[in-house]
Amino acid sequence: MRFQILILLMYVMACSPKATETVAIDEPQHTAQDSLLLSENEMKYLRNIKQLTFGGNNAEAYWSFDDEMLVFQSDYAGWGSECDQIFYTHWKTDDLKNNAPQRLSTGLGRTTCSYFLPGNETIVYASTHLGGDACPPVPERRTDGKYVWPIYDTYDIFTADLEGNLLAQLTNEPGYDGEATVSPNGDKIVFTSMRTGDLELFTMNIDGSDVRQVTNDLGYDGGAFFSPDGTKLIWRASRPQTEEEIAEYKELLAEGLVKPTEMELYVSNVDGSDLRKITDLGQANWAPFFHPSGEKIIFASNHHTERGFPFNLYMINLDGTGLVRITENDTFDAFPVFSNDGKYLVFSSNRNNGGTRDTNLFVAEWIGD
């Protein structure tokens with residue numbers, strides 16, 4: 001869900017790293033590859049960038065608890081995918097340019113939002129395969145010009161091992177269940193569900209028990225992540241306010257659609273208390289993830305442009321102050337996720353794609369504050 005929503009929005013709207021010597025943060029030593037792929041401003045935050053994938057749309061890469069693996073979704077036809085499926089890689093050693101990674105999803109339906117579970121031997125992800133073997137259709141371009149995204153009611157959340165064997169089905173409610181991510185403590189999952197008639201956040205234990213509702217306000221709540229200490233949640237949300245906005249939101253939702261072009265970032269405690277809005281930038285602010293300190297948020301945004309793209313990465317303090325721009329790509333940067341040890345950042349980008357619309361995964365050392 002998180003991937004499809006804004007990769008499409010952008011289009012409509014308009015080898016293994018080796019150990020390096022320790023260097024001072026204020027005097028980073030950049031490689032020749034850096035000079036090809038990173039702008040001068042980006043080199044204030046990133047170095048030793050490595051491109052992991054080389055074709056198709058690849059996104060939502062999330063770290064194993066030991067930071068040795070990444071699990072992600074891809075629709076790359078070269079790996080036999082007709083629509084998004086789940087794969088994983090040992091990112092330091094695998095050569096995904098010449099070798100296909102292990103697929104962990106069934107190969108049926110459409111999948112999204114995978115995440116490692118404690119022990120690094122199992123994952124959680126959402127899939128529509130119980131609703132049919134084929135990829136569910138994407139909406140045709142609307143005559144009213146609205147960009148919309150489908151809320152597939154056949155999405156449910158499953159667990160699987162690293163051989164691709166399904167282990168358990170964690171949700172079994174009518175309607176959409178997806179966007180599951182796991183607490184750094186390894187005890188909780190946060191996900192988005194339509195079970196109340198609106199797109200709200202819920203938490204559950206990693207075995208699917210003890211489901212609790214987090215959000216209650218009208219609008220789409222999704223793409224949530226836990227803070228490093230597991231006590232808070234950060235997510236994106238739409239909040240229709242006027243009668244016209246509310247009517248539009250409800251009408252689209254009744255059609256199984258949502259318009260994801262106006263979103264801001266919100267934070268709360270895991271139980272939903274102390275809910276606060278962090279951004280008020282306009283347009284689409286999304287894919288937030290906590291900085292290792294727990295005091296900042298990195299996220300993707302197109303607020304700096306009226307035409308709807310490019311998307312770039314920004315960082316902001318948890319209190320909404322101190323907005324800084326991290327990347328300066330002319331097309332699309334999104335899905336930034338810090339490794340558990342805080343040393344690396346993985347993200348998706350259209351850079352270095354030969355002028356195609358391919359979106360690839362990149363890992364870089366993080367040298368910012």
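**Q** Whenever I open this one, the environment of R195 confuses me. Can you help?
**A** Secondary-structure assignment places R195 in the loop between β12 (188–193) and β13 (200–205). Expressed as a C-alpha distance, the spacing of R195 and L37, which sit 158 residues apart in the sequence, is 43 Å. Beyond its immediate stretch of four places on either side in the chain, R195 contacts T171, E173, P174, D177, F202 and V211. Within the structure, the side chain of R195 is placed 2.9 Å from the side chain of D177, a separation counted as a polar contact. At 2.8 Å, the side chain of R195 and the side chain of S193 are in polar contact.

**Q** Please explain unusual backbone geometry as it appears in this structure.
**A** Excluding glycine, most residues fall at negative phi; most peptide bonds, likewise, are trans. The phi torsion at E179 lies on the positive side, around 60°, for a residue other than glycine. Along the chain, E179 turns up in strand β11 (residues 177–182). Residue E179 is classed as buried on the basis of its relative accessible area, which comes to 1%.

**Q** Could you clarify how one ought to interpret the pairing of strand β10 (residues 166–169) in this entry?
**A** Moving residue by residue along a regular strand, the side chains alternate between the two faces of the sheet. Here three bridges tie strand β9 (residues 156–161) to β10, and the two strands are oriented antiparallel to one another. Among the inter-strand pairings, T159 is bridged to a residue of β10, identified as A168. Connecting β9 to the next strand, β10, in antiparallel fashion are four residues, including G164 with a positive phi near 90°.

**Q** In this structure, what is going on with the side chain of T159? I would like to understand it.
**A** Among the structural elements, T159 can be located in strand β9. Once you skip the residues sitting within four places of it in the chain, T159 turns out to touch L117, I123, V124, N165, L166, L167, A168 and L170.

**Q** Mind showing me how you'd approach the environment of E306 here?
**A** One can find E306 in the loop between β21 (296–301) and β22 (312–317). Exposure remark for E306: the relative accessible area of 82% places this residue in the exposed category. A C-alpha to C-alpha distance of 8.6 Å links E306 and Q283, two positions 23 residues apart in sequence.

**Q** Sorry if this is basic, but what is going on with the sheet that holds strand β20 (residues 285–290) here?
**A** In sheet architecture, strand pairing relies on hydrogen bonds along the backbone and comes in two forms, parallel and antiparallel. Taken in spatial order, the four strands make up an open sheet running β20-β21-β22-β23, and their pairing is antiparallel. Single-partner strands in this sheet number two, and they are β20 and β23 (324–325). When β21 meets β22, the two strands line up antiparallel, connected through six bridges. Bridging from a neighbouring strand, K296 pairs with N317 of β22.

**Q** What is the right way to look at the pattern of salt bridges in this model?
**A** Scanning the entire structure with this criterion turns up 15 salt bridges. Among the ionic pairs, K146 bridges to E248, the shortest N-O distance being 2.9 Å. Note that K146 is positioned in the loop between β7 (122–127) and β8 (149–150) and E248 in helix α3 (residues 243–254), a separation of 102 residues in sequence. One salt bridge in this structure joins D280 and K277, with 3.4 Å as the shortest N-O distance. One connected set of salt bridges, linked through shared partners, spans R142, D144, K146, E248, E255 and K259.

**Q** What should I look at first to understand the state of the cysteines in this one?
**A** Where two cysteines share a covalent bond between their sulfur atoms, that bond is called a disulfide. Going through the model one piece at a time under the given rule, you end up with one disulfide. At a sulfur-sulfur separation of 2.3 Å, the disulfide partner of C83 is C135. On the sign convention where negative means left-handed, the S-S torsion of about -95° between C83 and C135 marks this disulfide as left-handed. Here C135 lies in the loop between β7 and β8 and C83 lies in the loop between β3 (70–74) and β4 (85–89), a separation of 52 residues in the sequence. On the basis of relative accessible area, C83 is assigned to the buried category, the value being 4%. On the basis of relative accessible area, C135 is assigned to the partly exposed category, the value being 27%. Free cysteine: C113, not disulfide-bonded; nearest cysteine sulfur from C83 at 14 Å.

The rules we used
- Positions within a chain are numbered from 1, following the residues in the order the chain's sequence is written.
- Only residues with pLDDT of at least 70 get local features here, since the model is predicted, and only at 80 or more are side-chain atom pairs given and counted; chain-wide, interface and lining totals rely on the full set of residues.
- Values shown for side chains rest on all heavy atoms present in the structure; no hydrogens or waters enter the calculation.
- What counts as a helix is a DSSP run of H or I of at least four residues, what counts as a strand is a run of E of at least two, and both are numbered from the N terminus.
- Two residues qualify as a contact provided that any one of their heavy atoms is within 4.5 Å of a heavy atom in the partner residue.
- Nitrogen and oxygen atoms within 3.5 Å of one another constitute a polar contact, given that in protein one can donate a hydrogen and the other can accept it, and given that sequence-neighbouring residues count only through two side-chain atoms.
- Only protein chains enter the accessibility calculation, which uses a 1.4 Å probe; a residue whose area is less than 20% of its type maximum is buried, one above 50% is exposed, and one in between is partly exposed.
- In this description, strands pair whenever DSSP reports at least two bridges between them.
- Here, a salt bridge means any side-chain nitrogen of Lys or Arg that lies within 4 Å of a carboxyl oxygen of Asp or Glu.
- The rule for a disulfide is simple: a pair of cysteine sulfur atoms within 2.5 Å.

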